[in-house]
Amino acid sequence: MKKILALIFSALIPVLCNTAYASNTSEEGIKTEEKTMNMDGKKLVVFFSHTGENYNVGYIEKGNTHIVADMIADATGADIFEIVPEKGYPKSYNECIEIAKKELQANARPAVKGDVKIEDYDVIFIGYPQWWGEPPMCVYTFIEKHDWNGKTVIPFVTHEGSGMGGTDRKIAAECKGANTLTGKGLAIQGKVAQENQASAKKSVEKWLEGLGMKKDK
Ligand SMILES: Cc1cc2nc3c(=O)[nH]c(=O)nc-3n(C[C@H](O)[C@H](O)[C@H](O)COP(=O)(O)O)c2cc1C
């Protein structure tokens, strides 16, 4: 099933968006990056997540990425901030796809509500759903509002077959001056996050353990 979905998304991308993405992130250089990364200090989880109609898990009140974001915050004692676009994405899946496609094609930066002082944090997890090899454009809006110099950035994603799909490299390029974990970010299938939370929690905890993270509070 996972493979079929990945194939569907892969086939749709060039048609819909005239763009392409890698289905797997490169593991190259991870060790070097890991050695220089500071995993200590004050932590923040920033995420975007869509609620409403999800093609694989029906109508959801709490987004898949939101569920994983809460798990990470709980396990690490991090503060949490939700990126909320001023003009929310439609609840209808097809309408959401339409808007997302237009935003991607225009490389748009949709306005977002509120803000958080990332200056106060050392380690920032950034989570989002995989949208055709990119984070939703509102994630870039948030990133571009801030100075990332010296921060440790850790991407995580929920998806339905594409995994991280190279989005961690895009986050790394966007968070200028930050030390961004690439090749080792967390990718959890949305359906698992939504419907098998015990399994998702295990994956989150194992991943955090691999990063040498302990609960702070
Ligand atoms: C606009 C849009 C594009 C998507 N593109 C992909 C994709 O390319 N690959 C994939 O695996 N899943 C894709 N999905 C599925 C979402 O990544 C998946 O359902 C995710 O868990 C949703 O997270 P959320 O509930 O936090 O928004 C897409 C979903 C939407 C709405």
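Residues numbered from 1 in each chain as written. Predicted model: local features only at pLDDT ≥ 70, side-chain atom pairs only at ≥ 80, totals over all residues.

(A) Expanded view of the overall build of the chain. Within the chain, the regular secondary structure consists of eight helices and ten strands. Every one of the 217 residues in the chain was classed for burial, and the buried ones make up 43%. (Helix = DSSP H or I, 4+ residues; strand = E, 2+ residues; numbered from the N terminus. Buried ≥ 20, exposed ≤ 12 C-beta atoms within 10 Å, placed from the backbone.)

(B) Examining the confidence of the model for the chain more closely. On average, the chain scores 87 in pLDDT, and the residues at 70 or more come to 82%. For the stretch residues 13–34, pLDDT sits under 50, and the model shows 38 contacts to residues farther than four places along the chain or on other chains. (pLDDT = per-residue confidence, 0-100. Contact = placed C-beta atoms within 7 Å.)

(C) Seen up close, the site of the ligand. Residues in contact with the ligand amount to 22 residues; listed here are only the nearest, Ser49, Gly63, Thr65, Pro129 and Gly190. Of the residues assigned to the shell around the ligand, the class counts are seven nonpolar, 14 polar and one charged. (Near = placed C-beta within 6 Å. Nonpolar A, V, L, I, M, F, W, Y, C, P; charged D, E, K, R; others polar.)

(D) Quick look at the packing of helix 3 (residues 64–76) against helix 8 (residues 197–210). Interaxial distance between helix 3 and helix 8 falls to 10 Å at its minimum, and their mutual angle equals 50 degrees. Taken together, the axis directions place helix 3 and helix 8 in an arrangement best described as oblique. Between helix 3 and helix 8 lies a crossing whose hand is right-handed. Where helix 3 approaches helix 8, its residues Ile67, Val68, Met71, Ile72, Ala75 and Thr76 are matched on the opposing element by Gln197, Ala200, Lys201, Val204, Glu205 and Leu208. Among the residues forming the contact of helix 3 with helix 8, the class breakdown is eight nonpolar, two polar and two charged. (Axes fitted to C-alpha atoms, helices over the stretch in contact; angles between N-to-C directions. Parallel < 35°, antiparallel > 145°, perpendicular 65-115°, else oblique. Left-handed = near helix turned anticlockwise from the far one by under 90°.)

(E) Quick peek at unusual backbone geometry. Not every positive phi belongs to a glycine, and Asn107 is a case in point at roughly 50 degrees. Following the sequence through the fold, Asn107 ends up in the loop between helix 4 (93–106) and strand 6 (112–113). Using a count of 9 C-beta atoms within 10 Å as the deciding quantity, one classes Asn107 as exposed. At Trp132, a residue that is not glycine, the phi angle is positive and equals roughly 60 degrees. Within the secondary structure, Trp132 is located in the loop between strand 7 (123–129) and helix 5 (137–144). Using a count of 22 C-beta atoms within 10 Å as the deciding quantity, one classes Trp132 as buried.

(F) Quick peek at the nonpolar core. Within the largest apolar cluster, 50 residues are counted, with the highest numbers of intra-cluster contacts made by Val46, Val68, Ile72, Ile124, Phe125, Val139 and Val153. Counting only elements with at least two residues in this core, the list comes to strand 1 (43–47), helix 3, helix 4, strand 7, helix 5, strand 8 (152–159), strand 10 (186–189) and helix 8. Among the elements that take part in this core, helix 5 stands out by supplying six residues, more than any other. Filtering out sequence-adjacent residues up to four positions away, Ile124 remains in contact with Leu44, Val46, Ile118, Lys151 and Val153. (Core = buried A, V, L, I, M, F, W, Y, C linked by C-beta atoms within 7 Å.)

(G) Looking closely at helix 4. With 14 residues, helix 4 should cover 20 Å at 1.5 Å per step; its first-to-last C-alpha distance of 20 Å lies within 8% of that length. Taken together, the buried positions of helix 4 are Cys96, Ala100, Glu103 and Leu104. For helix 4, the angular spread of the buried residues around the axis is 100 degrees, confining them to a single face. Turned more than 90 degrees away from the buried face of helix 4 sit Asn94, Lys102, Gln105 and Ala106, all of them exposed. Asn107 occupies a position one or two residues after helix 4 and carries a positive phi of about 50 degrees. (Expected span 1.5 Å × (residues − 1). Arc of directions from axis to C-beta.)

(H) Here's a closer look at the environment of Lys43. Tracing the backbone shows Lys43 in strand 1. Accessibility expressed as a C-beta count within 10 Å gives 22 for Lys43, which makes it buried. In this structure, the C-alpha to C-alpha distance between Lys43 and Thr76, residues 33 residues apart in sequence, is 7.6 Å.

(I) How the structure looks around the pairing of strand 10. Of the two faces of strand 10, the one lined by Leu186 and Ile188 and the one lined by Ala187 and Gln189 are each fully buried. As defined by bridge partners, strand 8 adjoins strand 10 across four bridges and the pair is classed as parallel. Opposite Val157, over in strand 10, you have Ala187 as the bridge partner. (Pairing = 2+ DSSP bridges.)

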